[in-house]
2 protein chains.
Amino acid sequence: MKWVKVLGGVVGVAALLGLGIILGHFAIPKGADPLAPSVSQDLDLEILETVMGQLDASRIRETLRELSREPHLASSPRDEALVQLLLQRWRDPESGLDSAGTSTYEVLLSFPSQEQPNRVAVVAPTGDILFSCRQSEENLTEEQAGPDVVSPYAAYAPSGTPQGLLVYANWGMEEDFEELQTQGIELKGTIALTRYGGIGRGAKAVNAAKYQVAGVLVYTDPADINDGHSLPNETFPYSWYLPPSGVERGSYYEYFGDPLTPYLPANPSSFRLDPATASGFPPIPTQPIGFEDAKVLLCNLQGTSAPAAWQGALGCDYKLGPGFQPDGAFASTWRPRRSVVFASWGAEEFGLIGSTEFTEEFFSKLQERTVAYINVDISVFANATLRVQGTPPVQSVVFSAAKQIPAPDPSRLSIYDNWIRYFNRSSPVYGLVPRLGSLGAGSDYAPFIHFLGISSMDIAYTYDQSKTSARIYPTYHTAFDTFSYVDKFVDPGFGSHRAVAQTAGNVLLRLSDSLFLPLNVSDYSETLRSFLQAAQQDLGALLEQHSISLGPLVTAVEKFEEASIALGQNISALQKANPNPLQVRMLNDQLMLLERTFLNPRAFPEERYYSHVLWAPRTSSVATFPGLANACSRAMNTSLGSAAWAEVQRQLSIVVAALEGAAATLRPVDDL
Amino acid sequence: MKWVKVLGGVVGVAALLGLGIILGHFAIPKGADPLAPSVSQDLDLEILETVMGQLDASRIRETLRELSREPHLASSPRDEALVQLLLQRWRDPESGLDSAGTSTYEVLLSFPSQEQPNRVAVVAPTGDILFSCRQSEENLTEEQAGPDVVSPYAAYAPSGTPQGLLVYANWGMEEDFEELQTQGIELKGTIALTRYGGIGRGAKAVNAAKYQVAGVLVYTDPADINDGHSLPNETFPYSWYLPPSGVERGSYYEYFGDPLTPYLPANPSSFRLDPATASGFPPIPTQPIGFEDAKVLLCNLQGTSAPAAWQGALGCDYKLGPGFQPDGAFASTWRPRRSVVFASWGAEEFGLIGSTEFTEEFFSKLQERTVAYINVDISVFANATLRVQGTPPVQSVVFSAAKQIPAPDPSRLSIYDNWIRYFNRSSPVYGLVPRLGSLGAGSDYAPFIHFLGISSMDIAYTYDQSKTSARIYPTYHTAFDTFSYVDKFVDPGFGSHRAVAQTAGNVLLRLSDSLFLPLNVSDYSETLRSFLQAAQQDLGALLEQHSISLGPLVTAVEKFEEASIALGQNISALQKANPNPLQVRMLNDQLMLLERTFLNPRAFPEERYYSHVLWAPRTSSVATFPGLANACSRAMNTSLGSAAWAEVQRQLSIVVAALEGAAATLRPVDDL
């Protein structure tokens, strides 16, 4: 493995899986008459219908075809070529956008060495090589062996040649290594074989290193990805399942953004951390392999059987080791009320680098102006149902859009009515509704929601979870993740792609052209209420023991509820009353700024970028405010005593202050 | 001394010296017709004149009279009574404001113990008391001996009874103690007598403790406060000079805001630091005394003579010690375009506590909405000239106001023409103009500018610096700081008070009612250019030696200049063109938000509250960007080597990113 410092990591690059949409905050009026009725004109339904009709599945298909024609690893010549292709389209005088430009950053990317390719081998005490893992995937469709297909590797893992006895360590979680120790296995100097899942990629090596493990292998178990199917004729190109030689690549870096310029745009002149001491990288050599190779390793391990929960679908009893058995687009003149920025992010797979650098560079303006961020990354995982992640205020606009669009299957249901069959929940306010997931840090929305506090969503089509337990589409991040795979297995006919484009486009137009922003801020109340209840039920007694009262939190949630209901009533009344443009703008600012009020850059000083007090990472199992949950968890498990309980109280105060600020933002602007 | 935890530190309290004005961001239109021309109506000049005319010196005098009738130490019953008095006036149905309310905080205040009053005495080795300092001031005007006059003390200094040999330590700066050591004086266990000035109050004890000094006395030298005058018949009540027994009180706390709830509103439920471990307090017992007593102590010291620069006006040769010689309101129906919030801060003297807590509690909304903050603390120091501190964008509106108001003296000059005679500078753009000072942390504007990034100003009338070298009006913070002092010596006739009220009121109306905000953002260019030049001249060679280029900073400053000029031209053009209300609003947001773009809460992690990259504290003597200047200074003086130079580069990047963000905010909103 090798470190490469790359000039010209590019934002604005089209990537197979990357399409982001940002909505700007300002109207660009077309008329010259400042007081013409058009200033107050609401959403143009005719335009909405026109655009919906123009979205054409066959053209989307052609576009994806073109974009995926060649591998285009971030910073590669093809990556740059796609930048130019997108620029050309977006600058097209007939069908292009107002303006289009690129931003270039100098970022730390990690590539495998071509001179010294990564190797995984079983070596006898004599030095003889008994078995070697593949160095690239089987060339099944003539697309796996091209010179631009990067070999499997763990980006940002250090280079090295560790040797040691193999152990099987399940997901590579701390409790997994703990279990191995309990079983009497000496971990020092071993190589740990782990399977994808359970925790993030890089965390496996972080955990392993704590137990003095020397190196980590990671494979994809067919139980986790293929519904147990693992034979060549059951997998791609004969089905959508991952072939035995497929290896998932990806970033093993703990954070996102350029590792050397946290919080700063990676311009040539920007301050950089020393790569040797920068944090967040896997501490020991790490390499991903396919389940074909993993099977050879795992099914030949000696030692006691692994626990039942650790067993997979490789067709043998998984042992723990150590060691082996002895033998072993828009209309041309119409313009929306608010500016729309289309962005296509570079280096997402290296850790959301393009989007993060972009937010760092344009931090002020984005935070001042942005109404909402729409993310489309893997637009179609499969063609069963819509799947949306987002903050509560976007729920209503997504529902409005989904009710208006027919599902791509022959059911004649709307996307909404189809969706509710697969993901649903019982809302105290609305009854049974489709269930939105919450936003983690899995795609380019992460800096927008966590760092900037912008209402965000991620939209995709996905599979029926009752029919498959695949945690993602099976060829994900392998060399089999190709156009023909999509064309044949993921979305034949591309109807689901069209459905996603229509949904995102409908949401986009509603956000950009409605007189009042369609962000229903009162939908945050259900989240706050559920967080509060979890805190009361699961932490209340404990907190009481330490004389910490949840009373102020109850009051703050109630204030938020009252303010959000009153704001909604105010908007409803104004909508009937031909409102003054400045009244509209005042309310729109309140709607836009609500999400910002949940940011506190001093809340989690050790969680880089995470400032959102509702959606920061939660390690505790109690589904409540993350800072509170995590602080309680630490206080219970440490011997820090009063300092740890003081931190619990500090975190509680931070949440209360944020909710009070949010309620204040929703109340009339002349009332603090 | 004694720690008292006070319930009900009050914001909204009138204080003799405290009046703050915040401008809200939103119009409150009066008409029902949304498209009536009134929406775009500019500043109402008739209203402006009416209000100017209504401001009446005799009524101001009566008001101050009422407010200063009794001592009203923060949290005292009289303090609470004044809250009610202000509320009553502000709620008056005839002449009051839209709404008025109070915020109550539970903060840590520090008071002297009445049971164990502070004592300073000279004790013989036998234990006999040879001399005692006064425990209160001489009752010269029947106002110094009342039960509500708090005894002299150093707020937030710890209690204790240190004993030791006396040394004279000038200002109590680090170099002063260094000088004493160089002179061979053993400082361990001594009591250091220092004079006010040079550095902040609390810093004297901080520095002393580093040299193992056991206690600190602080006095006011007549050379620094009285132009050398020190005799009773030369001082109050016979002149404006400080009488010999006057003792300056004040906060010795290093930061501002409630010491136990940094960044959080001090509500009863908020998390609090442990007072025993909270930082920023003087580490050793400290007590202020009058120069009458200081003279006895200082003029009897033995040892070598103090350096010439350390000598004062007590009429003797100052020796260093150690030890002694052997013998030794608005019209009722008209409303401004934007909301105006009047605030009167509590506990300013304990470290800007009321205002800081207020900004902590209403952080989100204030930062979202506030156009500008006008501070009036000591409105009249003396009656020679206007004195304004502020950020560059407020210069133009203050000039406009000052040109419209006659000076209170018989000269018939405008306030502006009078002002320019006392404070001026040569501007590359405007030629000779009055000089605005920059905002430190001396009054309640501090959290607004440093923590929230709101364009701020502080307005006062003051003295002719060519005629007196007093660093402030002489009775400042003494028991002689009374109404009759003001009435007789500071501003007989109260013409200067009227002038300040007219200036602040004129600025307030311009900010609240002008169609375009009168914030001239291009005036920041001169500051940036001068900071840049200082960096180039004084640090350029040094930075070059360490391969750090100022090129990106030059580019960023140029971008700011271009964008601010273009924005100004855009506004000028629109002013002639009957602009659309949303165009107006868009530009006003740009003007309002500019100051916010200079905030970076991660820039100075060790400087509590300071986030403004242009106005954070600068310890280096190079008048450039403070983060850069300070980092260079540290890098030159430490043996940290490359880590210290990396911090220089990080600070440079932070400034560049902030300036790039500022330029982006000024550019058209659809252009990142």
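Predicted model, so just to flag it, every value in this text is computed and none were measured. (Residues numbered from 1 in each chain as written. Chains lettered and ligands numbered in written order. Predicted model: local features only at pLDDT ≥ 70, side-chain atom pairs only at ≥ 80, totals over all residues. Heavy atoms only, no water.)

Peer 1: Explain the overall build of chain A here, please?
Peer 2: Within chain A one finds 19 helices and 17 strands. Against the 2.2 N^0.38 benchmark of 26 Å for 672 residues, chain A shows a C-alpha radius of gyration of 26 Å, consistent with a compact globule. Taking the principal axes of the C-alpha coordinates as reference, chain A spans close to 90 × 65 × 55 Å. A burial count over chain A gives 58% of its 672 residues as buried. Per element, the accessible surface of chain A, about 26,600 Å² overall, is 51% carbon and sulfur. When the 48 basic and 71 acidic side-chain charges of chain A are each reduced to a single mean position, those positions are 3 Å apart. (Helix = DSSP H or I, 4+ residues; strand = E, 2+ residues; numbered from the N terminus. Rg over C-alpha atoms; globule rule 2.2 N^0.38 Å. Buried < 20%, exposed > 50% of the residue type's maximum accessible area, 1.4 Å probe, protein only. Areas by Shrake-Rupley, 256 points an atom, 1.4 Å probe, with all protein chains shown as cover. Lys, Arg positive; Asp, Glu negative; His and termini not counted. Charge placed at Lys NZ, Arg CZ, Asp CG, Glu CD.)

Peer 1: Help me understand the relation of the copies chain B and chain A in this model?
Peer 2: The operation relating the pair of chain copies consists of a rotation about an axis and a translation along that axis. Between chain B and chain A, which share one sequence, the superposing operator has a rotation angle of 180° and an axial displacement of 0.0 Å; the RMSD is 0.1 Å. Both copies are brought into coincidence by an operation consistent with a two-fold rotation axis. Take the interface residues of chain B: 98% of them recur as interface residues in chain A, which is what a same-surface contact looks like. (Least-squares fit on C-alpha atoms with pLDDT ≥ 70 in both. Contact = heavy atoms within 4.5 Å.)

Peer 1: Teacher, can you tell me more about the interface of chain B and chain A here?
Peer 2: In many reports, interface size means the accessible area that the parts give up when they come together. Listed per partner, the contact involves 55 residues of chain B and 54 residues of chain A. Here chain B packs against chain A, burying approximately 5,000 Å² in sum over the two surfaces, 66% of which is carbon and sulfur. One can count four salt bridges joining chain B with chain A. Where Asp589 of chain A meets Arg585 of chain B, a salt bridge forms, and the shortest distance between an N and an O atom there is 2.4 Å. At the junction of chain B and chain A, the tally comes to 16 residue pairs in polar contact (both at pLDDT 80 or more). (Buried area = accessible area lost by both parts, 1.4 Å probe. Salt bridge = Lys/Arg side-chain N within 4 Å of Asp/Glu carboxyl O. Polar contact = N/O pair within 3.5 Å; in protein donor to acceptor, adjacent residues only side chain to side chain.)

Peer 1: Would you mind showing me how to read the state of the cysteines here?
Peer 2: When the sulfur atoms of two cysteines share a covalent bond, that bond is a disulfide. Taken as a whole, this structure holds two disulfides over all chains when the rule is applied. Covalently, Cys299 of chain A is tied to Cys316 of chain A through a disulfide, its sulfur atoms 1.8 Å apart. Here the disulfide of Cys299 of chain A and Cys316 of chain A is left-handed, its torsion about the S-S bond being about -80°. Linking Cys299 of chain A in the loop between α7 (291–298) and β12 (340–343) with Cys316 of chain A in the loop between α7 and β12, this pair joins segments that are 17 residues apart in sequence. No disulfide involves Cys133 of chain B; its sulfur sits 13 Å from that of Cys299 of chain B, the nearest cysteine. What makes Cys133 of chain B buried here is its relative accessible area of 7%. (Disulfide = S-S within 2.5 Å.)

Peer 1: I keep staring at helix α3 (residues 77–90) of chain A and nothing clicks. Help me out?
Peer 2: Note: α-helices contain 3.6 residues per turn, so residues at a spacing of three or four share the same orientation. The terminal C-alpha atoms of α3 of chain A, which comprises 14 residues, lie 20 Å apart, in line with the 20 Å expected from a rise of 1.5 Å per residue. Taken together, the buried positions of α3 of chain A are Arg78, Asp79, Leu82, Val83, Leu85, Leu86, Leu87 and Trp90 of chain A. (Expected span 1.5 Å × (residues − 1).)

Peer 1: Hey, could you run me through unusual backbone geometry in this one?
Peer 2: Residues apart from glycine generally show negative phi values, whereas peptide bonds are mostly found in trans. Note that the residue after Gly321 of chain A, namely Pro322 of chain A, is joined by a cis bond; omega there is 0°. One can find Pro322 of chain A in the loop between α7 and β12. Not every positive phi belongs to a glycine, and Tyr156 of chain A is a case in point at roughly 75°. By the element assignment, Tyr156 of chain A lies in the loop between β6 (154–155) and β7 (166–168). Residue Tyr156 of chain A is classed as buried on the basis of its relative accessible area of 0%. Non-glycine residue Ser75 of chain B carries a positive phi angle of around 80°. Tracing the chain through its elements places Ser75 of chain B in the loop between α2 (57–67) and α3 (77–90). A relative accessible area of 27% means that Ser75 of chain B is categorised as partly exposed.

Peer 1: Looking at this structure, how should I read the sheet that holds strand β9 (residues 215–219) of chain A?
Peer 2: Either a parallel or an antiparallel arrangement is found when strands of a sheet pair, and the pairing is made through backbone hydrogen bonds. Residue and element names in this part refer to chain A. With parallel pairing, the four strands of this open sheet are ordered in space as β7-β8-β9-β11. A strand with exactly one partner marks an edge of an open sheet, and here the two such strands are β7 and β11 (286–289). Adjacent strand axes in the sheet meet at a mean angle of 25° when their direction is disregarded. Two elements, β7 and strand β8 (residues 191–195), share three bridges in a ladder whose sense is parallel. Among the inter-strand pairings, Tyr168 is bridged to a residue of β8, identified as Leu193. The sheet strands contacting helix α5 (residues 201–210) are β8, β9 and β11, and the helix crosses β9 at an angle near 145°. (Pairing = 2+ DSSP bridges. Axes fitted to C-alpha atoms, helices over the stretch in contact; angles between N-to-C directions.)

Peer 1: How should the pattern of salt bridges be read in this particular structure?
Peer 2: It is possible for side chains of opposite charge to pair when their charged atoms get near one another. Residue and element names in this part refer to chain A. Summed over the entire model, instances satisfying the criterion amount to 36 salt bridges over all chains. Ionic pairing is found between Arg195 and Asp224, a salt bridge with its closest N-O pair at 3.1 Å. Of this pair, Arg195 sits in strand β8 while Asp224 sits in helix α6 (residues 222–225), placing them 29 residues apart in sequence. Across the pair, exposure class does not vary: Arg195 and Asp224 are buried alike.

Peer 1: Looking at this model, I keep getting lost on the side chain of Thr391 of chain B. Mind explaining?
Peer 2: Residues and elements named next belong to chain B. Along the chain, Thr391 falls in the loop between β14 (385–390) and α10 (395–404). Engagement of the side chain of Thr391 in a polar contact is seen with the side chain of Glu595, the distance being 3.3 Å. Residue contacts for Thr391: discarding those within four places in its chain leaves Leu439, Ile449, Ser455, Ser456, Tyr524, Glu595 and Trp615.

Peer 1: Is there a simple way to think about helix α18 (residues 626–637) of chain B in this case?
Peer 2: All names here are of chain B. Here α18 is twelve residues long and its end C-alpha atoms lie 16 Å apart, about the 16 Å a rise of 1.5 Å per residue gives. Burial within α18 is extensive, with nine of its twelve residues counted as buried. For α18, every residue scored as buried is listed here: Pro626, Gly627, Leu628, Ala629, Asn630, Ala631, Cys632, Ser633 and Ala635. Residues of α18 that are buried make contact with α15 (524–545) and α19 (642–666).

Peer 1: Just to check I follow, could you spell out the sheet that holds strand β7 (residues 166–168) of chain B for this structure?
Peer 2: All names here are of chain B. Taken together, four strands build an open sheet; the order of strands is β7-β8-β9-β11 and the sheet is parallel. Looking at the sheet topology across the chains shown, the edges are occupied by β7 and β11 (286–289). This sheet shows a mean twist of 25° between the axes of neighbouring strands, independent of strand direction. Across five bridges, strand β8 (residues 191–195) lies against strand β9 (residues 215–219) in parallel orientation. Bridge pairing in β9 places Ile191 opposite Gly215. Strand contacts of helix α5 (residues 201–210): β8, β9 and β11, with the helix running at about 145° to β9, the strand carrying the most contacts.

Peer 1: Help me understand the side chain of Glu561 of chain A in this model?
Peer 2: Mapping Glu561 of chain A onto the fold places it in helix α16 (residues 551–575). Every residue in contact with Glu561 of chain A, bar those within four places of it in the chain, is listed here: Ser525 and Arg529 of chain A.

Peer 1: What should I look at first to understand the UniProt feature "domain: Transferrin receptor-like dimerisation" (unreviewed entry) in chain A in this one?
Peer 2: Following the UniProt record, one finds the feature "domain: Transferrin receptor-like dimerisation" (unreviewed entry) at residues 548–667 of chain A. Across residues 548–667 of chain A one finds 62% helix and 0% strand; the C-alpha atoms that close the span lie 29 Å apart. (UniProt positions renumbered as here; feature names shortened; annotations may be inferred.)

Peer 1: Could you clarify how one ought to interpret the packing of helix α10 (residues 395–404) of chain A against helix α14 (residues 495–513) of chain A in this entry?
Peer 2: Packed helix pairs are specified by the crossing angle of their axes together with the interaxial distance, meaning the distance between the axes. All names here are of chain A. Viewed as axis vectors pointing N to C, α10 and α14 meet at an angle of 125°, and their least axial separation amounts to 9 Å. In this view, α10 runs oblique relative to α14, as classed from their interaxial angle. α14 is crossed by α10, and the crossing has right-handed handedness. Side by side, α10 and α14 meet where Val397, Val398, Ser400, Ala401 and Gln404 of the first sit next to Thr503, Asn506, Val507 and Arg510 of the second. Counted by class, the contact of α10 with α14 contains four nonpolar, four polar and one charged residues. (Parallel < 35°, antiparallel > 145°, perpendicular 65-115°, else oblique. Left-handed = near helix turned anticlockwise from the far one by under 90°. Nonpolar A, V, L, I, M, F, W, Y, C, P; charged D, E, K, R; others polar.)

Peer 1: Sorry, what's going on with the pairing of strand β13 (residues 372–376) of chain A here?
Peer 2: Residues in a regular strand point their side chains to alternate faces of the sheet. Residues and elements named next belong to chain A. Among the five residues of β13, five are classified as buried, and the element is accordingly described as predominantly covered. Across the two faces of β13 the burial is the same, with Ala372, Ile374 and Val376 and Tyr373 and Asn375 all buried. Of the pairings in the sheet, the one linking β13 to strand β17 (residues 456–462) comprises three bridges and is parallel in character. The partner of Ile374 across the bridge, within β17, is Met457.

Peer 1: What is the right way to read the pairing of β11 of chain B from this model?
Peer 2: All names here are of chain B. Residues Thr286 and Pro288 line one face of β11 and the alternating positions Gln287 and Ile289 line the opposite face, and both faces are buried. Examined bridge by bridge, β9 and β11 share four bridges and lie parallel to one another. The residue bridging Val218 from the neighbouring strand is Pro288, located in β11.

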